[in-house]
Amino acid sequence: MNIQSNNKTCVEVTKMATSLSSVCFFLLQICVFVLAGRDFYKILGVSKSATTKQIKKAYRKLAIQYHPDKNPGNPEAEEMFKDLGAAYEVLSDEEQRKVYDRHGEEGLKEQGGGHHDPFSSFFGDFHFPFGGGHQRDPEVPSGDSILMDLEVSLEELYSGDFVEVVRYRPVAKEARGTRQCNCRQEMKTIQLGPGRFQMTQQQVCDECPNVQFVNEEKLLEIEIEPGMRDNQEYPFVGEGEPHIDGESGDLTFRILTQKHPKFERRGDDLYTNVTISLQDALTGFKTEITHLDGHKVSIERDKITWPGARMRKKDEGMPNYDNNLLYGTLIITFDVEFPKGALSDEDREAFRNLLNMSSQPKVYNGLQGY
C-alpha cells in the first residue's frame, strides 16, 4: 500500500511540475514579446531583407490608407498611422535598423533621438479633402506657390525610385515686440460741421506678436513611379513660400526626363541605334543590349542587314504608367560602318564578282514633302 501511495504522489508531483513549467514558458514568451516591442517589418508588410526603396514604397501606400483625415473617428487607424511612422523612421535609417534587428524596439529607447513626421516628407502639409480634412480658405492670404522642374534619369522612370530633395524653407519664428497685421481698408465717417459729414477710406491694422523668418532644412522624398511621363506633377502642400499673415503656398515638382546616351523615349516605346560592321551586315551577327535595369536583350540576324533596317522587340519598351504589367516596344535601328581606306583593284573585282549586282543608280525624292 505504501508503495502504491508513493507512486501516486510522484505522478501528481510530476504533473504539477509539468503544468508549472508550461505556465512559466508561457509567461516567458509574453515577457519576450513585451520587451521586443512592435514588429516594424510586419507593420509595414515587408520582409526583413526589404530594401530601403521597398520600405519607402510600403510606407507611402499605407500612410495614405490609414491617415487620420481619411479615417475620422477611427482610433485603430490613428494608432496604425502612428505605428507606420515609427516603423518607417527606424527601418529607413541604416544605423537604427541595425540596432532594431539586433535588440528590438527596446534597444532603440536606450539611444534616444528625436521624432519627425515622415508623412510630410512625402506629401508636405497635406490634408485629405474629406472626412474632416482641411481645404484652403480663399479669404486667408497665402504665399506664392513654386513650380520646379525635376530631371530624372530614364533608369529611374523604368524601374521606379525615390529621389531626395533638400529644401531650405523660411519658417516663421516668434520675435520680440509686436507688428501690424491683418491690415484692411475700412470706411470712416468724419463730421465736418452741423449736418455735414464726409466718408473716407483708411487702413486699419491689428496688433500681432512679431515674427522673423528663419531658414530650416527639410528632406523631401519624391516617388518616381515606373512609367511616369514628362510634365507629370508631384505636389507638396504648404511647402512653398510663406505668408506672414496666412498660409504657405505649395511646392510642385514637374517631372522631366534627362537625356540618355543610348535610349530615346517616345510614349511607352524606346528607340536605340546599333552600329554593326559591313561584314556583320552581310554575313549576320549575334549581340546583346544592356537594358535600363541591367537585363540583357538578345539580338540575332542571319540575313543581310541594310543601313537603316529596324528590328522591333515587343515588351522591351517602357512600362505603362497606368498598368505596369504592360510594356512598350524597343525599336532598334541598325547603322552599318563601312571600312575606311581604299580597296585595291583586285579587291574591287573580287567584290563585284561576289556580289554580282548591276550598277544602276536610282534618283528619287527621299523626303516626300517633309
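Residues numbered from 1 in each chain as written. Predicted model: local features only at pLDDT ≥ 70, side-chain atom pairs only at ≥ 80, totals over all residues. Heavy atoms only, no water.

### Regarding the overall build of the protein chain
Here is step 1: Scanning the protein chain for helices and strands turns up nine helices and 11 strands.
Here is step 2: Here the protein chain holds 370 residues, and 31% of them are scored as buried.
Here is step 3: As presented, the protein chain carries roughly 25,300 Å² of accessible surface, and 52% of it is formed by carbon and sulfur atoms. (Helix = DSSP H or I, 4+ residues; strand = E, 2+ residues; numbered from the N terminus. Buried < 20%, exposed > 50% of the residue type's maximum accessible area, 1.4 Å probe, protein only. Areas by Shrake-Rupley, 256 points an atom, 1.4 Å probe, with all protein chains shown as cover.)

### Some details on the pattern of salt bridges
Here is step 1: This model, assessed by the stated rule, comprises 17 salt bridges.
Here is step 2: A salt bridge links Asp149 to Arg254; the shortest N-O distance between them is 2.7 Å. Within this pair, whereas Asp149 is found in strand β1 (residues 146–152), its partner Arg254 is found in strand β5 (residues 251–257), the two being separated by 105 residues in sequence.
Here is step 3: Looking at Arg254, the relative accessible area reads 26%, which means it is partly exposed. (Salt bridge = Lys/Arg side-chain N within 4 Å of Asp/Glu carboxyl O.)

### Some thoughts on the sheet that holds strand β7 (residues 269–277)
Here is step 1: Reading across from one edge, β6-β7-β11-β10 is the order of the four strands in this open sheet, with mixed pairing throughout. At either margin of the open sheet sits one strand with a lone partner, and together these are β6 (264–266) and β10 (310–313). Taking each pair of neighbouring strands and ignoring which way they run, the sheet shows an average axis angle of 30°.
Here is step 2: Bridge analysis of β7 against strand β11 (residues 330–337) gives eight bridges, and the strand direction is parallel. Bridge pairing in β11 links Thr272 to Ile332. (Pairing = 2+ DSSP bridges. Axes fitted to C-alpha atoms, helices over the stretch in contact; angles between N-to-C directions.)

### Quick notes on the packing of helix α3 (residues 52–66) against helix α4 (residues 75–91)
Here is step 1: At a closest axis distance of 9 Å, the pairing of α3 and α4 adopts a crossing angle of 165°. As the angle between them shows, α3 and α4 are arranged roughly antiparallel. As for how α3 packs across α4, the hand of that crossing is left-handed. Seen from α3, the contacting residues are Ile55, Lys56, Tyr59, Leu62, Ala63 and Tyr66; seen from α4, they are Ala77, Met80, Phe81, Leu84, Gly85, Tyr88 and Leu91.
Here is step 2: Broken down by class, the residue content of the contact of α3 with α4 amounts to 11 nonpolar, one polar and one charged. (Parallel < 35°, antiparallel > 145°, perpendicular 65-115°, else oblique. Left-handed = near helix turned anticlockwise from the far one by under 90°. Contact = heavy atoms within 4.5 Å. Nonpolar A, V, L, I, M, F, W, Y, C, P; charged D, E, K, R; others polar.)

### Points about the packing of aromatic side chains
Here is step 1: Within the structure shown, the criterion is met by seven aromatic pairs.
Here is step 2: Seen from their ring centres, Tyr234 and Phe236 are 5.4 Å apart, and the 40° between their planes marks the pair as tilted. Per residue, the accessibility class of Tyr234 equals that of Phe236, and both read buried.
Here is step 3: On the numbers, 5.9 Å between centres and 90° between planes, the contact of Phe236 with Phe253 is edge-to-face. Of this pair, Phe236 sits in strand β4 (residues 233–236) while Phe253 is found in strand β5, placing the two residues 17 residues apart along the sequence. Considered together, Phe236 and Phe253 belong to a single accessibility category, that of buried residues.
Here is step 4: In textbook terms, an aromatic cluster arises when at least three aromatic residues are bridged by ring pairs, as seen for Phe40, Tyr41 and Tyr100.
Here is step 5: The side chain of Arg266 reaches across the aromatic face of Tyr271, ending 5.6 Å from its centre. (Phe/Tyr/Trp six-rings, centres within 6.5 Å; stacked < 30°, edge-to-face > 60°. Lys NZ or Arg CZ within 6 Å of the ring centre and 35° of its normal.)

### Topic: the pairing of strand β3 (residues 196–224)
Here is step 1: Relative to β3, strand β2 (residues 161–193) runs antiparallel, the two sharing 27 bridges. By the bridge assignment, Thr178 is partnered in β3 with Pro209.
Here is step 2: Linking β2 back to β3 in an antiparallel pair, the connection comprises two residues, with Gly195 at a positive phi of about 75°.

Shape descriptors only; they carry no functional weight alone.
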